[in-house]
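A closer look at the structure
The primary structure of each chain is shown beneath.
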Amino acid sequence: MVEAVLIDLFSLPANLQNNLQDLLCNMLGTTEECSSITAPLVYVMCSQTEQGERNDEQQLLPALTDFQALKKSLEVVRALTTAAALYTIKQRLDEKDLSTIKIILPAFRRDLMKAYIAQLFTAVYQFEFEDLEMVSDWNNLLIAEPQPEGQALSTQDIELITSEIQMYLQNLPSLKGELTILKASLIPDGIFLHGFTTRTGGISYIPTLSSCNLFSSSKRRDPQAVVKENLRRLANAAGFNLETFHRVKVDHGNAVCIMGKTEPDSYDGIVTNQKGITIAAPGADCIPVLFADPVRKVCGAAHSGWKGTLLGVSMATVNAMISAYGCNVKDILVVLGPSVGPCCYKLPQESAREFHRIDPKCVRLFDSESPYIDLRRATRILLETGGILPENIQDDSVTDQNQNVTLCTACNPDKFFSHFRDGTNFGTQIGFISIKE
């Protein structure tokens, strides 16, 4: 059922827009009958001149103001570009948690609109399209060089749309303060560039994703275009090259990618000895783990959730550094990044037993239905069992709480995203590392 209606008049000259009154009112009346709510929200998307001229909704579409049910739910959105108008409307939809939208538009704009939607929205949203019929009196009018209906957009068209979106997003202000990067005292700055991100300094505006969300999926409302802009801002702040940035392909397993060799379809660990290559692992309760060997000049990153922890993803990453690059296990430094602490994290009894086998101290209230789990302690024990020296593991929750790297993500909503705390539409931070050139 339709929750909102978007009427695309962006390509029509202003002097024609008032001529659509009767047609639009008929369409909106039909739409209201099919809507899941009494009066669906209606957004009219129009172009704005460089001088910033704009008309209010009564001047633009006076007939719509007589459509009583829509008086309080009609908004005219004027912008210089389609990207700007659509992004503004997306914000309105997200504020009200709406996801089913009907778009009424000229037929020649359909493919173009789908290209914008593909970059600015995710699979969370559902769209249906209805053509805005062109009357015969307009046949001789030039309307912004329309794309013939049914003709696919060219690669150049897609590139222009991408560029327009990127330029718009780059000019948006940062939210929730400046972009902040946490650094570990254990990793030598002279050899490695590294850090752990927080939630500030990006452009993501949805409360649970705001603001420096660094992951997009079909289940969340942040599109790839926004995540890419957040990542671009991070790269500029941290000083790494976005063109040589590689992030693990999470599968909650223990597979490891060795840069330069065949890339697995999915992997939770990654290692390299190539200078200037930035590798990263995400975390939103799961532990982003960074590895550095200052002797052999090798680094690694791993995503360690509860499944990956039990499967030994951290030691799998260490072993990859040893086998691929000849590292000595006693030279490898390991840092556990921001992650959910034993103060907050619970698992069902069956999973908790696996952690209890590693060390009973990894589980609190073991006899309860959902015991508290210490992922970090389990990770440290498995690393030390594998040969990593205890003094070469930085876990600030144990060694030095003043360093503020291994903070609990669930306990610190102002600093970090948390799946455990925020639910399905959660944001993601990362740990990243590279060898300086």
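None of these values were measured; they are calculated from a predicted model. (Residues numbered from 1 in each chain as written. Predicted model: local features only at pLDDT ≥ 70, side-chain atom pairs only at ≥ 80, totals over all residues. Heavy atoms only, no water.)

Some words on the overall build of the protein chain
Helix and strand counts for the protein chain come out as twelve helices and 18 strands. Counting the 437 residues in the protein chain, one finds 52% classified as buried. Considering only intrachain contacts with a sequence separation of at least 6, the fraction spanning at least 24 residues in the protein chain is 70%. (Helix = DSSP H or I, 4+ residues; strand = E, 2+ residues; numbered from the N terminus. Buried < 20%, exposed > 50% of the residue type's maximum accessible area, 1.4 Å probe, protein only. Contact = heavy atoms within 4.5 Å.)

Side note on the layout of surface pockets
The volume enclosed by the largest pocket comes to roughly 540 Å³. The wall of the largest pocket is formed by 23 residues, among which H252, C286, H303, H419 and F426 lie closest to the centre. Across the lining of the largest pocket, the residue classes tally to eleven nonpolar, seven polar and five charged. (1 Å grid on protein atoms, 1.4 Å probe; cavity = no way out; pocket = protein on both sides within 12 Å on 5 of 7 lines; lining within 4 Å. Points joined across faces, edges and corners; volume = space filled by probe spheres on them. Nonpolar A, V, L, I, M, F, W, Y, C, P; charged D, E, K, R; others polar.)

Digging into the side chain of Q394
The residue Q394 is located in strand β17 (residues 393-394) in this model. Among the polar contacts listed, one links the side chain of Q394 to the side chain of D396, at a separation of 3.0 Å. (Polar contact = N/O pair within 3.5 Å; in protein donor to acceptor, adjacent residues only side chain to side chain.)

Quick notes on the nonpolar core
With 37 residues, the main nonpolar core has L6, Y43, M45, Y87, L93, I165 and L169 as its most contacted residues. Those elements giving two or more residues to this core turn out to be β1 (4-8), β2 (41-47), β3 (74-79), α4 (82-95), β4 (100-105), α5 (110-120), α6 (155-170) and α7 (224-238). Both domains that furnish three or more residues to this core are identified here as domain 1 (4-171) and domain 2 (181-435). Once residues lying within four places of it in the same chain are set aside, the contact partners of I165 are A83, Y116, Q119, L120 and A225. Formed by 34 residues, the second largest nonpolar core is a distinct cluster that contains V340, V363, L375 and A410. (Core = buried A, V, L, I, M, F, W, Y, C linked by side-chain atoms within 4.5 Å. Domains from an automatic or database assignment.)

Details of the side chain of N392
Mapping N392 onto the fold places it in the loop between α11 (375-385) and β17. Separated by 3.0 Å, the side chain of N392 and the backbone oxygen of K330 make a polar contact. Residues within four places of N392 in sequence aside, it is in contact with L186, K330, I332, L333 and V334.

Quick word on the pattern of salt bridges
Using the criterion set out here, one finds 15 salt bridges in the structure. Close ionic contact of K249 with E263 constitutes a salt bridge, the shortest N to O distance being 3.3 Å. In this pair, K249 is assigned in the loop between β8 (245-247) and β9 (256-258) and E263 in the loop between β9 and β10 (269-272), connecting sequence segments 14 residues apart. Its salt-bridge partner being R380, residue D395 comes within 2.5 Å of it at the nearest N-O pair. (Salt bridge = Lys/Arg side-chain N within 4 Å of Asp/Glu carboxyl O.)

Examining the pairing of β2
Among the seven residues that make up β2, six are buried, leaving the element largely enclosed by the rest of the structure. Bridge count for β1 against β2 is five bridges, and the pairing is parallel. Bridging from a neighbouring strand, D8 pairs with M45 of β2. Of the strand pairs in this sheet, β2 and β3 are connected by six bridges, and their pairing is parallel. Considered in β3, the bridge of V42 is made with L74. (Pairing = 2+ DSSP bridges.)

Some thoughts on helix α10 (residues 349-358)
Within α10 the residues assigned to the buried category are Q349, S351, A352 and F355. Relative to the axis of α10, the buried residues are bounded by an arc of 155 degrees and lie together on one face. Facing away from the buried side of α10, by more than 90 degrees, are the exposed residues E350 and R357. Looking at the buried side of α10, the elements it contacts are α8 (306-310), β15 (363-364), β16 (372-373) and α11. (Arc of directions from axis to C-beta.)

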